[in-house]
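For reference, the chains in residue letters:
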Amino acid sequence: MPATHDPRPIGVFDSGLGGLTSLREVFRSLPSESVVYFGDTARVPYGNKSSATVIRFSLEIASFLVKQNIKCLLVACNTSSSYALDALGARLSIPVIGVIEPSVKAAVAASPRGRVGVIGTLGTVGSGAYPAAIARALPGASVISRACPLFVPLIEEGWSDHPVTRAVAEEYLTELRSAGLESLILGCTHYPLITPLLASLMGPAVKLVDSGAEAARAVGLLLRQRGQ
Ligand code: DGL
C-alpha cells in the first residue's frame, strides 16, 4: 500500500450478482482496499436489453456510487462495458475501468498468431466492442465471437456442472473449438463459474481469459500509478 493510500472505496457495479466474480478478484489482488458493490438485481439481465437502456442504467448506478465517495469505478458488467464505457467516462470525473481493454490486453499477449475467440451476452457480442478493441491492440488479428445467451440463466439455476449446460456449451462452442484459437475471452461476469466446462471443451492450448480478473488487475495498476 502506498504511504499516500487513499482510503476512499472502489466502486464496482454489475447488472446483478455475476459481478461478484470480479469482486472476488479485487479482494484477492487488492486486499487492503474497501469496495462499494452495486448489483442491479431489480433489472437484471442487461444482456438482452437495448444499448440506450443499458447506458441509462449504467449512468444511474454510477451517479449513486459517486455519491458514496468512490475513488474509481470498475464496470464489472461486460454488457455495460460494451455499451456505456464512453458515456461513463464522459460523465464522471473519477477514473472508469471497464472489463474490455484489460481482457483484450491479456488475450493478445497469449495469442502470438492473433487467433482470439470471444463469448458473451447478445448485447456484448452484438456491440462489436471486443473485436474493435482487439483490432486496435493487434491489427490483423482474427476474431471469432459467439453470443451464448443461455449460459447466464443456466448458471443462475445452479447448473454449472450439469449435462444440459454441457450440451448447450458444445453447441455454442462448435465453431470456436475448430478455429485454432489461442485464447478465448470469457466476456461475461458469469462465465468464470463454468471455467472447468469451458476448459475441458476448448482444450489446454486455448488460454481462457477471465475478464473480471483482468479488470481487477487493471484497477490495481491504476491505483499504484496514481499513488492511491
Ligand atoms: N453481467 C452481465 C455481463 O457481464 C451478464 C448478465 C446480464 O445479462 O445482465 O454481460
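Note that the structure is a prediction, hence the values are computed from the model and not measured. (Residues numbered from 1 in each chain as written. Predicted model: local features only at pLDDT ≥ 70, side-chain atom pairs only at ≥ 80, totals over all residues. Heavy atoms only, no water.)

### Describing the site of the ligand
Heads up, the condition is: In these notes, residues near a molecule or strand are those with any non-hydrogen atom within 4 Å of it. Here a polar contact means two N or O atoms within 3.5 Å. Within protein one must be a hydrogen donor candidate and the other an acceptor candidate, and residues neighboring in sequence count only if both atoms are side-chain atoms. Computed with a 1.4 Å probe, the accessible areas rest on the Shrake-Rupley method; for each residue, only the protein chains presented here act as cover.
Surrounding the ligand, one finds 13 residues, the nearest of these being Asp14, Ser15, Tyr46, Gly47 and Thr79. A distance of 2.6 Å is found between an oxygen atom of the ligand and a backbone nitrogen or oxygen belonging to Tyr46. Residue Gly47 places a main-chain N or O atom 2.9 Å away from an oxygen atom belonging to the ligand. Its free accessible area being 300 Å², the ligand has 98% of it covered by the protein chains.

### Comments concerning helix 2 (residues 51-67)
Filter applied, for reference: Secondary structure counts use DSSP, requiring at least four H or I residues in a row for a helix and at least two E residues in a row for a strand, with both numbered from the N terminus. Take the number of residues in a helix, subtract one, and multiply by 1.5 Å to get its expected span. Classification of residues uses two cut-offs on accessible area relative to the type maximum, computed with a 1.4 Å probe and protein chains only: under 20% is buried, over 50% is exposed, and between them is partly exposed.
Here helix 2 is 17 residues long and its end C-alpha atoms lie 24 Å apart, about the 24 Å a rise of 1.5 Å per residue gives. When helix 2 is considered as a whole, its buried residues turn out to be Val54, Phe57, Ser58, Leu59, Ile61, Ala62 and Leu65.

### Describing the pattern of salt bridges
Our working definition: One speaks of a salt bridge when a side-chain nitrogen belonging to Lys or Arg is within 4 Å of a carboxyl oxygen belonging to Asp or Glu.
Tallying each qualifying case throughout the model produces 11 salt bridges. Glu60 is the partner of Arg43 in a salt bridge, and the nearest nitrogen-oxygen pair spans 2.8 Å. Residue Arg43 is found in the loop between strand 2 (35-39) and helix 2, and its partner Glu60 is found in helix 2; the two are separated by 17 residues along the sequence. By relative accessible area, which is 36% here, Glu60 ends up partly exposed. Between Glu101 and Arg136 there is a salt bridge, with its nearest N and O atoms 2.9 Å apart. One end of the pair, Glu101, is in helix 4 (residues 100-109); the other, Arg136, is in helix 6 (residues 129-137), with 35 residues separating them in the sequence. The structure contains a network of salt bridges with shared partners spanning Asp40, Arg43, Arg56 and Glu60.

### Observations regarding the environment of Leu223
What counts, and what does not: Only heavy atoms enter the contact rule, under which two residues are in contact if any of them lie within 4.5 Å.
Mapped onto the fold, Leu223 is located in helix 11 (residues 211-225). With a relative accessible area of 4%, Leu223 lands in the buried category. For Leu223 and Gly117, which are 106 residues apart along the polypeptide, the C-alpha to C-alpha distance reads 30 Å. Those residues within four positions of Leu223 in sequence are excluded, and the remaining contacts are Ile10, Leu30, Glu33, Lys71, Cys72 and Gln228.

### With respect to the side chain of Asp210
Note that Asp210 resides in strand 8 (residues 207-210). One polar contact links the side chain of Asp210 to the main-chain amide nitrogen of Gly212, over a distance of 3.0 Å. A distance of 3.2 Å separates a polar side-chain atom of Asp210 from the backbone nitrogen of Ala213. Once you skip the residues sitting within four places of it in the chain, Asp210 turns out to touch Glu25 and Pro192.

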